[in-house]
Amino acid sequence: MSSRDTDFEFDFFEEPETQEASSRGDRTLRRPLGRPRGGGGRGPRIPRGPIRPSAGLTPLLRLLGLIAFAILIVVLLLLWVQSCQEDAKRDSYSTYMTSMKAVGDDSQRVGRELSDALTTQGIKPADLQKQLSNLVQQQELGTDRARKLDPPGPLLDSHEQAIEALTFRGDGLAGLAEAFRRTQGSKDAAAAGALLASQAERLLASDVVWDDLFKEPAVSVLRQEEISGVEVPDSNFIQTPDLASTRSMVPIWERINGSAASGSTTGTPSGLHGTNIESVKVVPGGQTLSESAENTVEASTDLAFAVAVANGGDSQEVKIEVTLTIQQSPTPIVKKQTIDIINPEETKTVVFRDFPSVDFGERRVMRIDVDPVPGEAKTDNNSAEYPVIFSLGA
């Protein structure tokens, strides 16, 4: 085999040699495959440049980086938009509930004023009529305010029930005013009381509708919509449920209309009048305090005292103030509660709470005082003292 043949076979299996142009613009030198060099021998080999990555790889990486950055921006924008939507959604619920709280609180105030009017000693029928007419107007204004609100969609049904509750209150007030007007001068106290109670039942029904058909469903909606930090308002028109019973309405009507059965509306009432302290119990636990023995009372954040007051007379009594005093130094603890209405032979319980600063380990005296009612002759059972020692418990 000749030298020429050997060169051919060797060159055939070599990779093609290339050289990039220099910065001065030299042309690329390339030797064709299989072409023998002149002179029968190998000429000088042209050195090959370093192997570099493909020219298209860097732009591709840059493109991928830009795509990833764009995706990140889109994700962040979506999260921001979602957060804004959630904030706007929560604000709409919060704004609505704030408005409904104002309506409910105002209606509750109207109910409180109704109770005050019906339990005012010596109020005249004409004065009561004026007060009732004013309360009707106030309640109707509150109902109109609720109708103008724009609740979030999921609360539409609950909102309609709240309006229904408010409407019941307006109708009940108007019905009471009309019943008092129609029965003025009547001799049938039982019939008058029954008529008044039937109208007052609308007021009780309004509280049930508000709680069961507005408040509870609205709480469920907030939970389903994952809305936190928004409170559904309460509104209790009748703070004294007994006020809407025939048993209470008969003596109320008699007292307001000056019936002989309850004495005159002015001066000293006739008949037997009076209240007395039946018992004082510790809450929780139910321990009954003794006036003659030392009472060890375990103090806690839930500590309360339940004072039972009985009506020992034969007439309905109203606005009875009960005072609890713990005689300690330097500042005694004094708390007051009011019994709005108590019927003959009835017992009402008032509960005193929140005792964060009692003295521990020392004997103290806790005194209960019940204000005498008009015409009460026997008052020695209106006050009681209980020696107590407050302990921290186990």
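Preceding this paragraph is the structure being described.
Worth saying up front: this structure is predicted, and the values here are computed from it rather than measured.

What counts and how
- Residues numbered from 1 in each chain as written.
- Predicted model: local features only at pLDDT ≥ 70, side-chain atom pairs only at ≥ 80, totals over all residues.
- Heavy atoms only, no water.
- Helix = DSSP H or I, 4+ residues; strand = E, 2+ residues; numbered from the N terminus.
- Expected span 1.5 Å × (residues − 1).
- Pairing = 2+ DSSP bridges.
- Axes fitted to C-alpha atoms, helices over the stretch in contact; angles between N-to-C directions.
- Buried < 20%, exposed > 50% of the residue type's maximum accessible area, 1.4 Å probe, protein only.
- Lys, Arg positive; Asp, Glu negative; His and termini not counted.
- Salt bridge = Lys/Arg side-chain N within 4 Å of Asp/Glu carboxyl O.
- Polar contact = N/O pair within 3.5 Å; in protein donor to acceptor, adjacent residues only side chain to side chain.
- Phe/Tyr/Trp six-rings, centres within 6.5 Å; stacked < 30°, edge-to-face > 60°.
- Lys NZ or Arg CZ within 6 Å of the ring centre and 35° of its normal.
- Parallel < 35°, antiparallel > 145°, perpendicular 65-115°, else oblique.
- Nonpolar A, V, L, I, M, F, W, Y, C, P; charged D, E, K, R; others polar.
- Patch = residues over 30% accessible without salt bridge, like charges linked within 9 Å, V, L, I, M, F, W, Y side chains within 5 Å.
- Areas by Shrake-Rupley, 256 points an atom, 1.4 Å probe, with all protein chains shown as cover.
- Charge placed at Lys NZ, Arg CZ, Asp CG, Glu CD.
- Contact = heavy atoms within 4.5 Å.
- 1 Å grid on protein atoms, 1.4 Å probe; cavity = no way out; pocket = protein on both sides within 12 Å on 5 of 7 lines; lining within 4 Å.
- Points joined across faces, edges and corners; volume = space filled by probe spheres on them.

Chemist: Explanation requested: helix 4 (residues 156-183) in the structure shown.
Modeler: For an α-helix the count is 3.6 residues per turn, leaving residues at separations of three or four pointing the same way. Look at helix 4: 41 Å from first C-alpha to last across 28 residues, which is about the 40 Å you get at 1.5 Å a residue. Backbone geometry just downstream of helix 4 places glycine 185 in the positive-phi region, at approximately 90°.

Chemist: Please explain the sheet that holds strand 4 (residues 317-327) as it appears in this structure.
Modeler: The strands making up a sheet associate through backbone hydrogen bonding, with each pair oriented either parallel or antiparallel. Reading across from one edge, 2-8-7-4-5 is the order of the five strands in this open sheet, with mixed pairing throughout. Both edges of this open sheet fall to strand 2 (295-298) and strand 5 (333-342), since each of them pairs with a single strand only. Strand-to-strand, the axes of this sheet are offset by a mean angle of 30°, without reference to chain direction. Both strand 4 and strand 7 (residues 363-370) contribute to a ladder of six bridges, which runs antiparallel. Each bridged residue has a counterpart across the sheet, and for threonine 323 the counterpart in strand 7 is aspartate 369.

Chemist: When you look at the side chain of arginine 255 in this model, what are you seeing that I'm missing?
Modeler: Position of arginine 255 among the secondary structure elements: in helix 6 (residues 246-256). Salt bridges are absent for the buried arginine 255, whose nearest opposite-charge side chain, glutamate 317, sits at 7.5 Å. Within the structure, the side chain of arginine 255 is placed 2.7 Å from the backbone oxygen of leucine 118, a separation counted as a polar contact. Looking at arginine 255, its side chain comes within polar contact range of the main-chain oxygen of threonine 120, at 3.2 Å.

Chemist: What is the right way to look at the packing of aromatic side chains in this model?
Modeler: The relative placement of two aromatic rings is captured by the distance of their centres and the angle of their planes. Applying the stated criterion across every chain yields a total of two aromatic pairs. Where phenylalanine 305 meets phenylalanine 355, the ring centres are 5.3 Å apart and the plane angle is 85°; that geometry is what we call edge-to-face. Of this pair, phenylalanine 305 sits in strand 3 (residues 304-311) while phenylalanine 355 sits in the loop between strand 6 (347-353) and strand 7, placing them 50 residues apart in sequence. Residue phenylalanine 305 is classed as buried on the basis of its relative accessible area, which comes to 0%. The class for phenylalanine 355 is buried, based on a relative accessible area of 7%. Its end group placed over the ring of phenylalanine 355, lysine 335 keeps NZ or CZ at 5.2 Å from the ring centre.

Chemist: I keep staring at the packing of helix 4 against helix 5 (residues 189-224) and nothing clicks. Help me out?
Modeler: Two quantities define a packed helix pair, namely the angle between the helix axes and the distance between the axes. Between helix 4 and helix 5, whose axes approach to 8 Å, the crossing angle comes to 170°. Comparing the axis directions of helix 4 and helix 5 gives the class roughly antiparallel. Among the residues making up the contact of helix 4 with helix 5, the classes are represented as 20 nonpolar, eight polar and five charged.

Chemist: I tried to follow a negative patch on the surface on my own but got confused; where do I start?
Modeler: On the surface, Glu140, Asp157, Glu160, Glu164 and Asp171 cluster together into a negatively charged patch. In terms of residue count, helix 4 provides more of the negative patch than any other element does, four residues in total. Looking at where aspartate 171 falls in the secondary structure, it is placed in helix 4.

Chemist: Looking at this structure, I do not really get the pattern of salt bridges. What am I missing?
Modeler: A pair can form between side chains of opposite charge whenever their charged atoms are brought close. What the rule picks out here adds up to 19 salt bridges. The closest approach of N and O atoms between arginine 109 and glutamate 113, which form a salt bridge, is 2.7 Å. Of this pair, arginine 109 and glutamate 113 both sit in helix 2 (residues 57-118), four residues apart, which is roughly one turn of that helix. Residue classification places arginine 109 among the partly exposed residues on the basis of a relative accessible area of 32%. Through salt bridges with shared partners, a single network forms among Arg112, Asp116, Lys319 and Asp340.

Chemist: What should I look at first to understand helix 6 in this one?
Modeler: The buried fraction of helix 6 amounts to nine of the 11 residues, a majority that puts the element mostly inside the structure. Ser248, Met249, Val250, Pro251, Ile252, Trp253, Glu254, Arg255 and Ile256 are the residues of helix 6 that are buried. Trailing helix 6 by a residue or two, glycine 258 shows a phi angle of about 70°, which is positive.

Chemist: Could you clarify how one ought to interpret the pairing of strand 7 in this entry?
Modeler: Where a strand is regular, its side chains alternate between the two sheet faces. By the criterion of burial, strand 7 is predominantly enclosed, with six of the eight residues buried. Of the pairings in the sheet, the one linking strand 7 to strand 8 (residues 383-391) comprises seven bridges and is antiparallel in character. Within strand 8, the position partnered with aspartate 369 by the bridge is serine 383.

Chemist: Explanation requested: the environment of valine 209 in the structure shown.
Modeler: Mapped onto the elements, valine 209 comes out in helix 5. Relative accessible area serves as the criterion here: at 11%, valine 209 is assigned to the buried category. Residue contacts for valine 209: discarding those within four places in its chain leaves Gln161, Ala165, Phe168 and Phe214.

Chemist: Can you walk me through the pairing of strand 2 in this structure?
Modeler: Across the two faces of strand 2 the burial differs, with Asn295 and Val297 buried and Thr296 and Glu298 not buried at all. With four bridges connecting them, strand 2 and strand 8 associate as parallel partners. Residue pairing for strand 8: valine 297 is matched across the bridge by phenylalanine 390.

Chemist: Got a minute to help me understand empty space enclosed by the protein in this structure?
Modeler: Rolled over the atoms, a probe as big as a water molecule pinpoints where empty space is left. All told, the structure shown has two cavities of 30 Å³ or more when counted by the stated rule. Approximately 50 Å³ is the volume attributed to the second largest cavity. Lining the second largest cavity are Pro125, Leu128, Gln129, Phe180, Arg181, Gln184 and Asn257. Only helix 3 (125-147) and helix 4 provide two or more residues apiece to the lining of the second largest cavity. For the lining of the second largest cavity, the leading source of residues is helix 3, giving three residues. In terms of residue class, the lining of the second largest cavity is built from three nonpolar, three polar and one charged.

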